[in-house]
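# Architecture and fold: a report
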Amino acid sequence: MEDNITAIPESQVPPHNPVSDTNQIDIRYMTLALQEANKALQEGEIPVGCIIVSDGHIVGRGHNLTETLQDVTAHAEMQALTAAAQTLGGKYLNDCTVYVTLEPCVMCAGAIGWAQVKRLVYGAPDPKRGFTHLAPNALHPKCLIQHGILQDECAQLLKNFFQTRR
């Protein structure tokens, strides 16, 4: 079998760009959160998915289970936060990044805040029930927020779901 790997001259290697690298990592994990959202969709739930990452490892994942469990608190973020706390053996997730397909509601943002999450990345905004509109100080003050990662894909999944319900 032939080796098709060609060395790139040092002069042509692009400089390290941490913003670009971070964006690629965010896209990778948001894609996994979308897979969780699709699990929710297959179960007849509102398609929201969440992945929690610590040091490059997934430590928690979840998708909406409010209908399945008949529990209004069974949001994707709550499922993932519980899984991450169990995986890491503690309630504080201060070295973690939460990836969620929809902007968290006030309840979930409060839980993310209490867990002292380092970073929140969400896809689609939620102008009616999202925390940035209703309780912008719900997160821990040191939590970094990134939004709009795969926003169109996340929003389209939700739009399609609600169009079939109407």
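Read on for an overview of the structure. Starting from 1, residues in each chain are numbered consecutively following that chain's sequence as written. In keeping with the model being predicted, local features are shown solely for residues with a pLDDT of at least 70 and side-chain atom pairs are shown and tallied solely at 80 or more, while totals for entire chains, interfaces and linings include all residues. To obtain the side-chain values, all non-hydrogen atoms of the structure were included, while hydrogens and water were left out.

### A look at the nonpolar core
Soluble globular proteins tend to pack their nonpolar side chains together in the buried interior. Spelled out, the test is: Each nonpolar core is a collection of buried residues, namely Ala, Val, Leu, Ile, Met, Phe, Trp, Tyr and Cys, held together in the definition by side-chain atoms within 4.5 Å. Using a 1.4 Å probe on the protein chains alone, a residue whose accessible area is under 20% of its type maximum counts as buried, one over 50% counts as exposed, and one in between counts as partly exposed. Helix and strand assignments come from DSSP, with helices taken as H or I runs of at least 4 residues and strands as E runs of at least 2, each series counted from the N terminus.
In this structure, Met30, Ile52, Leu81, Leu93 and Leu120 are the most contacted members of the largest nonpolar core, which totals 40 residues. Those elements that place two or more of their residues in this core are helix 1 (18-42), strand 1 (49-54), helix 3 (76-88), strand 3 (96-102), helix 4 (106-114), strand 4 (119-124) and helix 6 (151-165). The element contributing the most residues to this core is helix 1, with six residues.

### Here we look at the packing of aromatic side chains
For clarity, the threshold we go by: Note on ring pairs: Phe, Tyr and Trp rings are taken, using the six-membered ring of Trp, and paired if centres are within 6.5 Å. Classes follow the plane angle, with under 30 degrees stacked, over 60 edge-to-face and the rest tilted.
In this structure the tally under the stated criterion is two aromatic pairs. Ring geometry for Phe161 and Phe162: centres 5.0 Å apart, planes at 80 degrees, overall edge-to-face. Take Phe161: its relative accessible area is 7%, and that puts it in the buried class.

### Let's talk about the pattern of salt bridges
Going by this rule: Every case where a carboxyl oxygen of Asp or Glu lies within 4 Å of a side-chain nitrogen of Lys or Arg is listed as a salt bridge.
Enumeration according to the criterion identifies three salt bridges in this entry. We note a salt bridge from Asp26 to Arg119, for which the minimum N-O separation is 2.7 Å. One end of the pair, Asp26, is in helix 1; the other, Arg119, is in strand 4, and 93 residues separate them in sequence. Like Asp26, the residue Arg119 is buried in the burial classification. Lys39 is the partner of Glu36 in a salt bridge, and the nearest nitrogen-oxygen pair spans 3.0 Å. On the criterion of helical spacing, the pair formed by Glu36 and Lys39 is a turn pair, its members being three residues apart in helix 1. The class of Glu36 is buried, set by a relative accessible area of 3%. Bridged by salt links that share partners, the residues Glu36, Lys39 and Arg61 form one connected network.

### Looking at the side chain of Thr101
Threshold: Contact criterion: two residues are considered in contact whenever any of their non-hydrogen atoms come within 4.5 Å of each other.
By the element assignment, Thr101 lies in strand 3. Setting aside residues up to four positions removed in sequence, Thr101 forms contacts with Met30, Ala33, Leu34, Ala37, Pro47, Val48, Gly49, Gly123, Ala124 and Cys154.

### Focus on the pairing of strand 3
Formally: Strands are treated as partners if at least two bridges between them are detected by DSSP.
When you tally the buried positions in strand 3, you get seven out of seven residues, the bulk of the element. As paired elements, strand 1 and strand 3 share five bridges and run antiparallel to each other. Paired with Ile51 across the strands is Tyr99, a residue of strand 3.

### Digging into the environment of Thr73
For clarity, the threshold we go by: Polar contact is the term for a pair of N or O atoms within 3.5 Å; when the atoms are in protein, one must be able to donate a hydrogen and the other to accept it, and sequence-neighboring residues count only if both atoms are side-chain atoms.
As for its placement among the helices and strands, Thr73 is situated in the loop between helix 2 (66-69) and helix 3. With a relative accessible area of 34%, Thr73 lands in the partly exposed category. Along the backbone, Thr73 and Cys108 are 35 residues apart, and their C-alpha atoms lie at a distance of 8.6 Å. Dropping the residues within four chain positions of it, Thr73 is found in contact with Met78 and Met107. A polar atom in the side chain of Thr73 sits 2.7 Å from the side chain of Asp71.

### Observations regarding the side chain of Glu103
This is how the line gets drawn: Charge counting follows a simple rule: Lys and Arg are positive, Asp and Glu are negative, and His as well as the terminal groups are ignored.
Relative to the helices and strands, Glu103 is located in the loop between strand 3 and helix 4. Buried and unpaired, Glu103 has no salt bridge, with Arg129 as the nearest side chain of opposite charge at 12 Å. A polar contact of 3.2 Å, which involves the side chain of Glu103, links it to the backbone nitrogen of Phe131. Polar side-chain contacts of Glu103 include one of 2.5 Å to the side chain of Thr132. Discounting chain neighbours no more than four positions away, the residues touching Glu103 are Tyr122, Ala124, Pro125, Asp126, Gly130, Phe131, Thr132 and His133.

### Section: the sheet that holds strand 1
Using the following cut-off: Axis lines are fitted through C-alpha atoms, for helices just across the contact stretch, and the angle between N-to-C directions can take any value from 0 to 180 degrees.
What the five strands build is an open sheet, ordered 2-1-3-4-5; its pairing is mixed. Each having just a single partner strand, strand 2 (57-63) and strand 5 (144-147) make up the two edges of the open sheet. Going across the sheet, the axis of each strand differs from the next one's by a mean of 15 degrees, ignoring polarity. Lying on the sheet, helix 3 is in contact with strand 1, strand 2 and strand 3; it crosses strand 2 at an angle near 145 degrees.

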